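Overview (structure and organization)
This is what each chain is made of:
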Amino acid sequence: MFEIKGHDLYVEQIKAVDLAAQYGTPLYVLSESSLRSNLSDIKANFMDKYEQVQAAYASKALLTSAVVRIVEQEGFHLDVVSGGELYTARHASFPMAKIIFHGNNKSDEELQMALDYGVGRIVVDNVGELHRLAAMAEKAGKTAKILFRITPGIKAGTHHYIATGQKDSKFGIALDESIIFPAIEFAIQSKAIDFLGFHFHIGSQLFTNDTHIAATKVAVSLIKAVKDRYQYEIRELNTGGGYGIKYVEGDTPKPAAYFTDAIMESLESLCKSEGLLRPTVFIEPGRSIVGEAGITLYKAGAIKTIPNIRTYVAVDGGMTDNIRPALYQAKYEAIVANRADAPSDETVTLCGKCCESGDILIEHIPMQHIEAGDIIAVFSTGAYTYAMASHYNKHPNPAVVLVSGDQSYEIVKRETYEDLVSKDVIPAHLKA
Ligand code: LLP
């Protein structure tokens, strides 16, 4: 919930400039009501609409202990992809039975952690992992509930770094008969494995549902093949996330229901015509849940006009708190939070403060007049920003603040310079 009242941008009932003054900049700001409304939209239009469906939040988009609590309260499962994400979930008392554990290269330590914690589902990415997991579960006297992540061979229409469903992918098991069927057979026979079904994730920031429909079709053929070959009924199908959001004018995001209705419709009709029981369906969006619920506040610093070329406005953050423009040429919109109602009649390039020419946040953006000290708000930065932050040039990571109505809470503290050196060790012979 972000709106302009008078000269100011508000986050719920608090002025953005007041947040900047209280917590400093750069600052990640998350609106609790916006986050909750994205979650409840999925609840109302998917979880409450269909039987045998579940939704997970893909925590890689933004994971903090407070976010875990909100996701849990709203009745979601949680997708984690590493020991660190799993640890954070448990630290925030998330029920382990509702964890979906992903990863294309899970270590023995991570698999053991998943078994010890009792996570609900492990999504097995490759055949080697299957055999390691089965041996570990057997040794521990446990049964691991698994899905296979399959590579459906569908190319999503998005940046190639975030397309994952095409045949040549580091994710998932190829649908080659000689690879997938022996794995399935092993999973069915192994006493240490409870084989629930399949998972696919075809890519991220998608605006059309055709690739989800195509992948669903591929999954149903596989479910049918498993039934015919092994008389084994697949119980679950996880269709991943990928629902796009609005970053800039011209982006055409669709509500989650546009994707989920299409998946459910195609699944129900395909299962019917193939004589299959419709499996329980999971979805696991990340970006569409947190992306538009977050903004980043920066303070404008050096302003440099290069005659006849452009004006650079440098902010006090950059690629260390948002790598997406540098990595994916991602586009964003921004305003001057303390002059939000003024006309956007000056075109500038917002750059960061890292020693890197590619550290440009937004190129050639029409903005309100900017002076040093102004607070600049960049929109739709809830997903994959804090989550991908780095310490390049030894910049401490910004704080994350949650705004609920007229209250604000620092849910991740700003890093200090001491934090930056807290893991450094000087061997005795180098001591000053
Ligand atoms: N499930 C799986 C297995 C995934 O790999 C992903 C994202 C998701 C769910 C959630 O996708 P979403 O709904 O957020 O699109 N760093 C990139 C995005 C990488 C996404 C990786 N996997 C970015 O900043 O655009």
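What you are looking at is a predicted structure, and each value in this text was computed from that prediction instead of being measured. (Residues numbered from 1 in each chain as written. Predicted model: local features only at pLDDT ≥ 70, side-chain atom pairs only at ≥ 80, totals over all residues.)

Moving on, we get to the site of the ligand. If you check the shell around the ligand, you find 21 residues, and the closest are S204, G241, G286, R287 and Y384. When contributions to the shell around the ligand are tallied by element, the ones reaching two or more residues are α10 (287-290) and α11 (324-328). Across the shell around the ligand, the residue classes tally to 7 nonpolar, 9 polar and 5 charged. Among the domains, domain 1 (2-29 + 291-421) and domain 2 (63-285) are the pair contributing at least three residues each to the shell around the ligand. (Near = placed C-beta within 6 Å. Helix = DSSP H or I, 4+ residues; strand = E, 2+ residues; numbered from the N terminus. Nonpolar A, V, L, I, M, F, W, Y, C, P; charged D, E, K, R; others polar. Domains from an automatic or database assignment.)

Taking 1.5 Å per residue, 19 residues should reach 27 Å; helix α9 (residues 256-274) reaches 27 Å between its end C-alpha atoms and fits that length. Taken as a whole, α9 has its buried residues at A256, F259, T260, I263, M264 and L267. Along the axis of α9, the buried positions cluster into a sector of 120°, meaning they face one direction only. With respect to the buried face of α9, the exposed residues turned more than 90 degrees away are E265, S269, K272 and S273. Residues of α9 that are buried make contact with α2 (32-47), α8 (210-230), β13 (280-283) and α10. Remark: G275 follows α9 within two positions and exhibits a positive phi of approximately 70°. (Expected span 1.5 Å × (residues − 1). Buried ≥ 20, exposed ≤ 12 C-beta atoms within 10 Å, placed from the backbone. Arc of directions from axis to C-beta. Contact = placed C-beta atoms within 7 Å.)

The next point concerns the UniProt feature "modified residue: N6-(pyridoxal phosphate)lysine" (unreviewed entry) in the protein. UniProt's feature table lists "modified residue: N6-(pyridoxal phosphate)lysine" (unreviewed entry) at K60, given in the numbering used throughout. Mapped onto the fold, K60 is located in the loop between β5 (53-58) and α3 (65-73). Look at K60 and you get buried, because 20 C-beta atoms sit within 10 Å. Discounting chain neighbours no more than four positions away, the residues touching K60 are V81, E85, G286 and A387. (UniProt positions renumbered as here; feature names shortened; annotations may be inferred.)

Generally speaking, soluble globular proteins have nonpolar side chains that are buried together. Residues A16, L297, A337, I376 and A377 are the most contacted members of the largest nonpolar core, which totals 125 residues. In terms of residues, this core owes the most to one element, α8, which gives 6 residues. A domain split of this core shows at least three residues from each of domain 1 (2-29 + 291-421) and domain 2 (63-285). (Core = buried A, V, L, I, M, F, W, Y, C linked by C-beta atoms within 7 Å.)

Attention now moves to the packing of α2 against α9. As a packed pair, α2 and α9 sit with axes 10 Å apart at the nearest point and diverge in direction by 25°. With respect to their mutual orientation, α2 and α9 come out roughly parallel. α9 is crossed by α2, and the crossing has right-handed handedness. Of α9, the residues touching α2 (which contributes D41, I42, N45 and F46) are A256, A257 and T260. Among the residues forming the contact of α2 with α9, the class breakdown is 4 nonpolar, 2 polar and 1 charged. (Axes fitted to C-alpha atoms, helices over the stretch in contact; angles between N-to-C directions. Parallel < 35°, antiparallel > 145°, perpendicular 65-115°, else oblique. Left-handed = near helix turned anticlockwise from the far one by under 90°.)

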